[in-house]
Amino acid sequence: LNPEASKKLAEFERQVKAIEEQAKELKNRILEEMEAKGIISIETDDLTITYVAPYPKESFDSKAFRKANPDLYDEYVKISKVSASVRLKVK
(Lines give C-alpha, C1' and ligand atoms only; values in the text may rest on other atoms or scores of the structure.)
Protein backbone atom coordinates (compact mmCIF):
# COMPACT_ATOMS: atom_id res chain seq x y z
CA LEU A 1 0.00 0.00 0.00
CA ASN A 2 1.00 3.57 -0.62
CA PRO A 3 2.44 4.86 2.70
CA GLU A 4 1.30 8.41 1.96
CA ALA A 5 -2.30 7.26 1.41
CA SER A 6 -2.19 5.29 4.68
CA LYS A 7 -0.90 8.31 6.60
CA LYS A 8 -3.51 10.59 5.06
CA LEU A 9 -6.31 8.13 5.82
CA ALA A 10 -5.14 7.79 9.43
CA GLU A 11 -5.17 11.58 9.81
CA PHE A 12 -8.68 11.79 8.35
CA GLU A 13 -9.85 9.10 10.76
CA ARG A 14 -8.38 11.05 13.70
CA GLN A 15 -10.17 14.19 12.53
CA VAL A 16 -13.47 12.32 12.14
CA LYS A 17 -13.12 10.88 15.64
CA ALA A 18 -12.42 14.34 17.10
CA ILE A 19 -15.37 15.89 15.26
CA GLU A 20 -17.69 13.07 16.35
CA GLU A 21 -16.63 13.63 19.97
CA GLN A 22 -17.31 17.37 19.67
CA ALA A 23 -20.73 16.65 18.13
CA LYS A 24 -21.53 14.25 20.98
CA GLU A 25 -20.62 16.89 23.57
CA LEU A 26 -22.76 19.51 21.83
CA LYS A 27 -25.71 17.10 21.59
CA ASN A 28 -25.42 16.33 25.31
CA ARG A 29 -25.41 20.04 26.17
CA ILE A 30 -28.47 20.63 23.97
CA LEU A 31 -30.21 17.61 25.54
CA GLU A 32 -29.56 18.89 29.06
CA GLU A 33 -30.83 22.34 28.17
CA MET A 34 -33.96 21.00 26.45
CA GLU A 35 -34.72 18.81 29.48
CA ALA A 36 -34.15 21.68 31.92
CA LYS A 37 -36.40 24.04 29.96
CA GLY A 38 -39.02 21.49 28.91
CA ILE A 39 -38.40 22.08 25.21
CA ILE A 40 -39.68 19.33 22.90
CA SER A 41 -38.62 20.67 19.50
CA ILE A 42 -36.46 23.43 18.05
CA GLU A 43 -36.41 24.40 14.38
CA THR A 44 -33.88 26.75 12.79
CA ASP A 45 -32.86 27.52 9.24
CA ASP A 46 -30.12 24.89 9.56
CA LEU A 47 -31.74 22.01 11.43
CA THR A 48 -34.59 20.63 13.51
CA ILE A 49 -33.84 19.19 16.95
CA THR A 50 -36.45 16.98 18.62
CA TYR A 51 -36.25 15.77 22.21
CA VAL A 52 -36.79 12.02 22.52
CA ALA A 53 -37.73 10.97 26.05
CA PRO A 54 -36.20 7.84 27.56
CA TYR A 55 -38.22 4.67 27.01
CA PRO A 56 -37.84 0.96 27.69
CA LYS A 57 -36.40 -0.99 24.79
CA GLU A 58 -37.09 -4.64 24.19
CA SER A 59 -34.34 -6.77 22.71
CA PHE A 60 -33.82 -10.47 22.12
CA ASP A 61 -30.92 -12.22 23.86
CA SER A 62 -29.90 -14.58 21.08
CA LYS A 63 -26.88 -15.94 22.99
CA ALA A 64 -28.99 -17.04 25.93
CA PHE A 65 -31.65 -18.47 23.59
CA ARG A 66 -29.04 -20.38 21.61
CA LYS A 67 -27.57 -21.82 24.80
CA ALA A 68 -30.98 -22.88 26.14
CA ASN A 69 -32.46 -24.05 22.80
CA PRO A 70 -29.68 -24.94 20.34
CA ASP A 71 -31.87 -27.03 18.01
CA LEU A 72 -34.59 -24.41 17.80
CA TYR A 73 -32.00 -21.68 17.30
CA ASP A 74 -30.39 -23.56 14.40
CA GLU A 75 -33.82 -24.00 12.81
CA TYR A 76 -34.46 -20.25 12.70
CA VAL A 77 -31.01 -18.74 12.33
CA LYS A 78 -30.51 -16.77 9.13
CA ILE A 79 -27.08 -16.48 7.54
CA SER A 80 -26.41 -13.48 5.31
CA LYS A 81 -23.41 -12.57 3.22
CA VAL A 82 -21.38 -9.58 4.39
CA SER A 83 -19.61 -7.55 1.73
CA ALA A 84 -15.86 -7.12 1.76
CA SER A 85 -14.57 -4.03 3.53
CA VAL A 86 -11.53 -2.65 5.30
CA ARG A 87 -11.34 -2.04 9.02
CA LEU A 88 -9.27 0.88 10.30
CA LYS A 89 -7.89 1.44 13.76
CA VAL A 90 -6.23 4.74 14.48
CA LYS A 91 -3.52 4.63 17.14
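Here, every reference points to the structure presented above.
All of these numbers come straight from a predicted model, not from anything done at the bench.

A. Structural context of the overall build of the protein. The secondary structure content of the protein amounts to three helices and two strands. Considered along the principal axes of its C-alpha atoms, the protein spans approximately 55 × 50 × 25 Å. Within the span of the protein, comprising 91 residues, buried residues form 2% of the whole.

B. How the structure looks around the environment of S59. Following the sequence through the fold, S59 ends up in the loop between β2 (48-50) and α2 (62-68). Between the alpha carbons of S59 and Y76 there is a distance of 17 Å; along the sequence they are 17 residues apart.

C. Inspection of the pattern of salt bridges at higher detail. Considering all chains together, one arrives at two salt bridges under this definition. In this structure, the salt-bridge partner of R14 is E11, at a minimum N-O distance of 3.5 Å. Of this pair, R14 and E11 are both found in helix α1 (residues 3-37), three residues apart, which corresponds to roughly one turn of the helix. Judged by relative accessible area, which is 39%, R14 ranks as partly exposed.

D. Highlighting α1. With 35 residues, α1 extends 51 Å between its outermost C-alpha atoms, agreeing within 8% with the 51 Å of an ideal straight helix rising 1.5 Å per residue. Two or three places before E4, at the start of α1, stands the capping residue N2, its side-chain oxygen 2.8 Å from that residue's backbone nitrogen. Directly beyond the C-terminal end of α1, a positive phi value near 65° is found at G38.

Scoring rules and cut-offs
- Residues numbered from 1 in each chain as written.
- Predicted model: local features only at pLDDT ≥ 70, side-chain atom pairs only at ≥ 80, totals over all residues.
- Heavy atoms only, no water.
- Helix = DSSP H or I, 4+ residues; strand = E, 2+ residues; numbered from the N terminus.
- Buried < 20%, exposed > 50% of the residue type's maximum accessible area, 1.4 Å probe, protein only.
- Salt bridge = Lys/Arg side-chain N within 4 Å of Asp/Glu carboxyl O.
- Expected span 1.5 Å × (residues − 1).
- Polar contact = N/O pair within 3.5 Å; in protein donor to acceptor, adjacent residues only side chain to side chain.

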